[in-house]
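Spelled out from the first residue to the last, the chains are:
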Amino acid sequence: MNKRLRDNISSDYVSAANRLKSKKARRRIVAYVESYDDVLFWRTILADFEDETRYFEVMLPSRNNLERGKRSALNMLISSKNIGQDLIACVDADYDYLMQGATQTSHEIITNPYVFHTYAYAIENLQCYAPSLHNVCVMVTLNDHSIFDFNDFFRQYSEAIFPLFVWSIWHYRQSIYGQFTITDFDRVVELGGFSVTSPDECLNNLRAKVTKKTTWLRQRNPNAKQSYLAVKNDLMRLGVTPQTTYLYIQGHHLFSKIVVPIVSKVCDRLVRERENEIRKQSVHSTQMRNELSCYSHSIQDITQMLKKNFGYVASEAFKRMHKDIEEYLGIGKDESQTDVE
């Protein structure tokens with residue numbers, strides 16, 4: 001073995017050893033999450049706070065079995081001796097945040113300083129953050145033509161369902177959710193007959209369904225006016241607005257039954273548009289076939305692109321999560337104390 005090769009090997013070994021030593025010297029904080037999809041989501045958030053003094057390891061609640069879920073993550077946190085210093089839990093808010101301590105799980109989530117949640121119902125809601133959906137379409141189709149206003153549509157969608165959403169939370173806070181379940185709510189707010197060119201039709205149909213259901217609920221609960229208004233005001237205090245209600249409904253339903261179908265229809269039109277451009281611009285049939293084949297192999301899967309969508313970093317929910325992590329790590333505390341002095 002010549003000297004240059006030995007020196008290179010030695011240098012690589014020292015570099016690797018230094019990196020290993022550096023990582024071992026850093027504080028390791030384990031973050032328990034609910035499921036596989038949550039690992040990447042929380043990694044993108046916690047990575048912002050890694051430095052030469054600390055790093056995070058995001059993992060499922062147990063390495064010894066396949067147990068998953070919010071309850072499992074919370075139980076692992078509570079049962080650990082290293083809670084807080086070296087261990088946190090990162091979970092979906094679901095309705096627990098909006099319940100404001102009305103149940104045991106809700107109480108744990110809003111009071112435990114080592115439990116961090118999405119504020120939005122789930123990670124799926126943030127993956128469907130309306131201002132980012134055009135970018136998702138671009139990732140899928142490689143066509144940057146804006147043919148649908150996602151922001152306006154989900155603003156109108158949210159305004160339409162907001163009164164019924166208040167009723168949903170009202171029932172859960174009253175502990176009579178069996179009379180109007182999340183499933184019941186989902187059935188009403190699901191879209192039907194959506195068209196990219198005429199979205200107002202399905203929105204008008206949605207408004208009619210919501211009006212019918214809210215009228216029925218008012219008649220069923222004639223003495224609920226004051227308590228309903230109290231819940232409405234409290235929800236707005238917590239960050240739920242009539243324009244952003246879609247972020248707080250059941251995440252899986254929003255993702256699978258509402259956003260994916262809409263994005264699919266938008267992407268279908270964008271793909272056809274790009275294919276028509278290729279047909280018109282091709283000089284001969286061989287070039288056309290080659291270009292169409294190349295383009296078809298470049299198109300991505302909608303569900304996977306949504307799951308990899310990081311556009312939610314501009315959302316208020318993300319900013320609140322960031323602030324919670326900062327407070328947990330004590331970031332900014334020294335600066336504020338110095339300012340006071």
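Please read these numbers as outputs of a predicted model, since none were measured by experiment.

Undergrad: It is not clear to me how helix 9 (residues 182–189) should be interpreted in this structure. Could you clarify?
TA: Every α-helix carries 3.6 residues per turn, so stepping three or four residues along brings you back to the same face. Along helix 9, the residues classified as buried are Ile182, Phe185, Asp186, Val188 and Val189. Down the axis of helix 9, the sector holding all buried residues measures 165 degrees, keeping them to one side.

Undergrad: Any chance you could explain the packing of aromatic side chains here in plain terms?
TA: We describe a pair of aromatic rings using the distance from one ring centre to the other and the angle between the two ring planes. The tally for this structure, following the rule as stated, stands at 21 aromatic pairs. Pairing Tyr95 with Phe165 gives two aromatic rings, centres 6.0 Å apart and planes at 85 degrees, and the pair type is edge-to-face. Within this pair, whereas Tyr95 is found in the loop between strand 3 (87–91) and helix 4 (96–99), its partner Phe165 is found in helix 8 (residues 150–173), the two being separated by 70 residues in sequence. Look at Tyr312 and Phe318: their rings are 6.2 Å apart centre to centre, the planes differ by 50 degrees, and that puts the pair in the tilted class. Taken individually, Tyr312 and Phe318 each receive the classification buried, so the pair is uniform in this respect. Among the aromatic side chains, those forming a connected cluster through ring pairs are Phe148, Phe150, Phe153, Phe154, Tyr157, Phe194 and Tyr246. Stacked on the ring of Trp216, the Lys or Arg Lys213 has its end atom at 4.3 Å from the ring centre.

Undergrad: Help me understand the sheet that holds strand 4 (residues 115–117) in this model?
TA: Read from one edge to the other, the open sheet built from 4 strands follows the order 2-1-3-4, with strand pairing classed as parallel. Lying at the two open borders of the sheet, with one neighbouring strand each, are strand 2 (54–59) and strand 4. Each strand of the sheet is rotated relative to its neighbour by a mean of 30 degrees, with strand direction disregarded. Relative to strand 4, strand 3 runs parallel, the two sharing 3 bridges. Considered in strand 4, the bridge of Val91 is made with His117. Contacts between helix 2 (residues 36–46) and the sheet are confined to strand 1 (27–32), strand 2, strand 3 and strand 4, with strand 2 contributing the most and set at about 170 degrees to the helix.

Reading the values: the criteria
Residues numbered from 1 in each chain as written. Predicted model: local features only at pLDDT ≥ 70, side-chain atom pairs only at ≥ 80, totals over all residues. Heavy atoms only, no water. Buried < 20%, exposed > 50% of the residue type's maximum accessible area, 1.4 Å probe, protein only. Helix = DSSP H or I, 4+ residues; strand = E, 2+ residues; numbered from the N terminus. Arc of directions from axis to C-beta. Phe/Tyr/Trp six-rings, centres within 6.5 Å; stacked < 30°, edge-to-face > 60°. Lys NZ or Arg CZ within 6 Å of the ring centre and 35° of its normal. Pairing = 2+ DSSP bridges. Axes fitted to C-alpha atoms, helices over the stretch in contact; angles between N-to-C directions. Contact = heavy atoms within 4.5 Å.

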